[in-house]
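# Tertiary structure, described
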Amino acid sequence: MTSAHSASSNHEHHEHHNDNSDNKHHDHHDHHAHMVADFRRRFWISIILSIPVIILSPMIQEFAGLRETMQFAGDAYVSAVISSVIFFYGGWPFLKGLVNEVSERLPGMMTLIAVAITTAYIYSMAVVFGLPGNMFFWELATLIDIMLVGHWIEMRSVMGASKALDELAKLMPSVAHKIFEDGRIEDIPVDELAHGDRLLVRPGEKIPADGVIREGNSTVNESMLTGESSPVEKSAGAMVIGGSVNGEGAIQIEVEKTGDEGFLSQVIELVRQAQASKSKTQDLANHAALWLTFIALGGGALTLFLWLVFSGESVSFAIERMVTVMVISCPHALGLAVPLVVAVSTSLAAKNGLLIRDRAAFEQARNIDVILFDKTGTLTKGEFGVLDTIVFEGAEAGLDEEKLLNIAASLESHSEHPIAQGIVRAAPGGLPVEDFQAIVGKGAEAIVDGQNVKAVSPGYLRENGYTVDNPRVQRALERGNTVIYIIINDTLSGAISLADIIRTESKRAIARFKEMGIRCMMITGDNADVARAVSEEIGLDEYFAEVLPQQKAEKVKEVQARGLIVAMTGDGVNDAPALAQADVGIAVGAGTDVAVETADIVLVSNNPEDVAALIDLAKNTYKKMIQNLAWATGYNAFAIPLAAGVLFPWGIFLSPAAGAVLMSLSTIIVAINARTLKLER
């Protein structure tokens, strides 16, 4: 970005490099807030001072037919004094920017503005003190006003991208109820929390830190953090996120993450990185601005030379042509073309749970040919659910599917195994359980409601001589489902089929990708039967099964070797190599470490449909960038020759005032076009 914002970026980087992310956020935010206030203040003061300058301008007076009545002795000196204040106060950011750009050998927009206003100021002062010609004080004042308001708008737009994290930061409570070893409870500041601290969270309160529930049951509203619209049931052992709202039950949590480790701190850091990162298209805009700088400076000098040497016109006219070229050439719209779109898209994405960590990868998302999905936790919920309950012939009289499932749930309620918990979630349980014991590697058994009950694996059946001949069980096994067998009083009474639950959103997401012309593939460590069943159910084009974590990156390379641009979507540390290898790495669920370490883009919600929304936003963002760049460069290509006076023989030429008006119009068009960016979901 060729602007005051970019001119300060290097300073910010070095000054805050060793700060923690929280300080980085506040320093970055405070710096932009200061810049917004500074440009706003300079604009209002300058525009107020511009009123008398405009009124005292001979050109304006003649245009209004009031020259004879409004001129007075010394009016030129009054204009000169007021214009000097405007030049040095209002023009200071541009003069300072000129020094910075020249010292960095990267002349750009600030150089053009500074040269234009300096030329106009010095020439006008020379006219006041005797040089024949016309004063450009009102053109100088209005040009500074226009550029100040343009930068004010730009800084406000950049600030807009930070508002989403401001809102997230407000979610954290300021105090926590700490439970001490002697049982007393005291309120302490959240920033004093340490790992392992035990906290009480009362009904309706915000959870102070990321942690795990040790006592109590409740529902937790995580909608502001994860986009999950309905409250999530939580019990002992469940993870909770700092900033989410506790429901109807009191819970005790053990703090696992503090400060920068927490979910919200990760979100803040991710958005901060998105604001700071530079995109390839932005580099294109900077190159365009650099070349336009050379063209404008060379064009201005050439214009002055040709009018002075070959036209026979006055020096003031030649300088007026040169100044007009400099005004027209200031690539203000070009400087705003990309950053305004970036600011709007970053803010829009963050507010919708799409955290852009790398702008270049975000832009690449518009060209994706293939999306590779991890299965567990991405296309599926990552938790077992009961698909079928089967009662075998020979079971005791009166045993039906509901009763069988309830017996199994009562037994498994004493187990922490994921499969056991899947059964528990499917039935109320509640039957009395005695003498529970695990059968190592094979299942569990207990006395349930007076009966000896075992929930066991196929391995236990083989070892103990049980055989199963049931078509429903066979179908479940063919689909790769997990089957648990229930033995009641030594009688093989039934079976329960479980599988990782496929998200309802997955089918809709895959259908949408196919409409977009994107191939969908799955990469999983599960066996081929499971992979095939999931692939068939949601309509994938291809799948890779039994892939070890270290092999996932190789599979990504294989697909890339076909000449395709690949996005990888995953949620776990085991997906890190593939996320890093992919052209676009998308982490589903911002709470994972891999999101911070390797993903280019993070989706706060575990919803595959958000990937489609992300691609649409990338396409729309790029389209807006190109539209703005085309307008900005096309406008300058048309206006510079006109400003130089190529149509002067036909009586057509642009004054500096007209140039300033057209430049402001160009800026407004670019800003409005950026604001029309929408997120399609």
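Per an unreviewed UniProt entry, the protein chain is named Copper-translocating P-type ATPase, and its organism is Microvenator marinus. Its UniProt record gives the protein chain a comment under Sequence similarities (unreviewed entry), which states: "Belongs to the cation transport ATPase (P-type) (TC 3.A.3) family. Type IB subfamily."

The sites that carry the UniProt feature "transmembrane region" (unreviewed entry) are, in the present numbering, residues 43-64, 76-95, 107-129, 135-153, 288-310, 322-350, 629-648 and 654-674. When the span residues 76-95 is considered, its composition is 95% helix and 0% strand, and the gap between its end C-alpha atoms is 24 Å. End C-alpha to end C-alpha, residues 629-648 measures 29 Å, and it is 80% helix and 0% strand.

Aromatic ring pairs are defined here through the distance separating the ring centres and the angle between the ring planes. Enumeration over the complete set of coordinates arrives at seven aromatic pairs. Ring centres of tyrosine 77 and phenylalanine 129 lie 6.1 Å apart, and the angle between their planes is 65°; on these two criteria the pair is classed as edge-to-face. Residue tyrosine 77 is found in helix H6 (residues 75-90), and its partner phenylalanine 129 is found in the loop between helix H8 (109-128) and helix H9 (137-160); the two are separated by 52 residues along the sequence. Note on phenylalanine 305 and phenylalanine 310: the rings are 6.3 Å apart at their centroids and 85° apart in plane angle, and the pair reads as edge-to-face. Residue phenylalanine 310 is classed as exposed on the basis of its relative accessible area of 63%. Among the aromatic residues, those joined into a ring-pair cluster are Phe87, Phe88 and Tyr121. Lying over the aromatic face of phenylalanine 180, arginine 184 brings its terminal NZ or CZ to 4.1 Å of the ring centre. The ring centre of tyrosine 622 lies 3.3 Å from the NZ or CZ of arginine 366, which sits over that ring.

Another aspect to go through is a nonpolar patch on the surface. On the surface, a nonpolar cluster with roughly 670 Å² of combined accessible area is contributed by Leu302, Phe305, Leu306, Leu308, Val309, Phe310 and Val315. When residues in the nonpolar patch are grouped by element, the largest group, six residues, is from helix H13 (residues 280-311). Given the relative accessible area of 39%, leucine 308 is considered partly exposed.

Definitions and limits used
Residues numbered from 1 in each chain as written. Predicted model: local features only at pLDDT ≥ 70, side-chain atom pairs only at ≥ 80, totals over all residues. Heavy atoms only, no water. UniProt positions renumbered as here; feature names shortened; annotations may be inferred. Helix = DSSP H or I, 4+ residues; strand = E, 2+ residues; numbered from the N terminus. Phe/Tyr/Trp six-rings, centres within 6.5 Å; stacked < 30°, edge-to-face > 60°. Buried < 20%, exposed > 50% of the residue type's maximum accessible area, 1.4 Å probe, protein only. Lys NZ or Arg CZ within 6 Å of the ring centre and 35° of its normal. Patch = residues over 30% accessible without salt bridge, like charges linked within 9 Å, V, L, I, M, F, W, Y side chains within 5 Å. Areas by Shrake-Rupley, 256 points an atom, 1.4 Å probe, with all protein chains shown as cover. Salt bridge = Lys/Arg side-chain N within 4 Å of Asp/Glu carboxyl O.

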